[in-house]
Amino acid sequence: QVQLPESGGGLVQPGGSLRLSCAATGSIFSGKVMGWYRQAPGKQRELVARITSDGRTNYADSVKGRFTISRDAAKNTVYLQMNSLNSEDTAVYYCNLDPALREFWGQGTQVTVSS
């Protein structure tokens, strides 16, 4: 069962922007710390952004100042606004809790930054 479906990825030129979405159920979303993760080829999956139930955010140094995580409680949705994208951001992006639950890893959404 896909419980945290991600969407919004695609091909974008360097310097461009994308907005990723993650739709959760209320039981998963409510009161939980949510995170966006990414995995590039040959690398381990890493947490790039997280947001608490009351809106506190944290970012990996590599994306700080460029990415913004947000959540919409009414829609049970977490977003990742990605600006000033560069080739190092190319990866499959995933949504999960923080700490992640193994059973919540899904297909992810591919982000490719290329000219």
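See above for the structure.
Keep in mind that this is a model prediction, so the values were computed, not measured. (Residues numbered from 1 in each chain as written. Predicted model: local features only at pLDDT ≥ 70, side-chain atom pairs only at ≥ 80, totals over all residues. Heavy atoms only, no water.)

What about the overall build of the protein chain?
Inference 1: A tally of helices and strands in the protein chain yields one helix and 10 strands.
Inference 2: Ordering the α and β elements of the protein chain from the N terminus gives β-β-β-α-β-β-β-β-β-β-β.
Inference 3: For a compact globule of 115 residues, the expected C-alpha radius of gyration is about 13 Å, and the protein chain comes in at 13 Å, within 12% of that figure.
Inference 4: Reported as C-alpha extents along the three principal axes, the dimensions of the protein chain are approximately 40 × 25 × 20 Å. (Helix = DSSP H or I, 4+ residues; strand = E, 2+ residues; numbered from the N terminus. Rg over C-alpha atoms; globule rule 2.2 N^0.38 Å.)

Concerning the pairing of strand S7 (residues 67-72)
Within a regular beta strand, the side chains point alternately toward one face of the sheet and then the other, so they alternate between its two faces.
Inference 1: Side chains Phe 67, Ile 69 and Arg 71 of S7 all project onto a buried face; the interleaved residues Thr 68, Ser 70 and Asp 72 project onto a face where none is buried.
Inference 2: Inspection of the sheet shows S7 paired to strand S8 (residues 77-82) by six bridges, in the antiparallel sense. The partner of Arg 71 across the bridge, within S8, is Val 78.
Inference 3: Counted between consecutive antiparallel strands, the loop separating S7 from S8 contains four residues, among which Asn 76 sits at a positive phi close to 50°. (Buried < 20%, exposed > 50% of the residue type's maximum accessible area, 1.4 Å probe, protein only. Pairing = 2+ DSSP bridges.)

What about the sheet that holds S7?
Inference 1: One open sheet accounts for four strands, arranged S1-S3-S8-S7; its pairing is antiparallel. Looking at the sheet topology across the chains shown, the edges are occupied by strand S1 (6-7) and S7.

A few points about the state of the cysteines
Each disulfide consists of one covalent bond between the sulfur atoms belonging to two cysteines.
Inference 1: Following the criterion strictly, the structure yields one disulfide and no others.
Inference 2: Residue pairing for Cys 22: its cysteine sulfur links by disulfide to Cys 95, the two sulfurs lying 2.1 Å apart. Given an S-S torsion of about -80°, the disulfide between Cys 22 and Cys 95 has left-handed geometry. With Cys 22 in strand S3 (residues 18-23) and Cys 95 in strand S9 (residues 91-97), this pair connects stretches of sequence that are 73 residues apart. (Disulfide = S-S within 2.5 Å.)

Overview of the nonpolar core
As a rule of thumb, soluble globular proteins bury nonpolar side chains together.
Inference 1: Among the nonpolar cores identified, the biggest contains 29 residues, and Met 34, Trp 36, Val 78, Leu 80, Met 82 and Tyr 93 are the most heavily contacted of them.
Inference 2: Per-element tally for this core: the top contributor is S9, with four residues. (Core = buried A, V, L, I, M, F, W, Y, C linked by side-chain atoms within 4.5 Å.)

As for the packing of aromatic side chains
Inference 1: In this structure the tally under the stated criterion is two aromatic pairs.
Inference 2: Taking the centre distance of 4.9 Å and the plane angle of 80° together, the rings of Tyr 37 and Trp 105 count as edge-to-face. With Tyr 37 in strand S4 (residues 34-39) and Trp 105 in the loop between S9 and strand S10 (109-113), this residue pair connects regions lying 68 residues apart in the sequence.
Inference 3: On the basis of relative accessibility, which here comes to 7%, the residue Tyr 37 falls in the buried class.
Inference 4: Among the residues examined, Trp 105 registers a relative accessible area of 25% and is labelled partly exposed.
Inference 5: Taking 5.8 Å as the distance between ring centres and 80° as the angle between the ring planes, the aromatic pair formed by Tyr 94 and Trp 105 counts as edge-to-face. Of the two residues, Tyr 94 is situated in strand S9 and Trp 105 in the loop between S9 and S10; the sequence distance between them amounts to 11 residues.
Inference 6: Put simply, the rings of Tyr 37, Tyr 94 and Trp 105 touch in pairs and so form one group of aromatic residues.
Inference 7: Across the ring face of Trp 105, the terminal group of Arg 45 is positioned such that the distance to the ring centre comes to 3.6 Å. (Phe/Tyr/Trp six-rings, centres within 6.5 Å; stacked < 30°, edge-to-face > 60°. Lys NZ or Arg CZ within 6 Å of the ring centre and 35° of its normal.)

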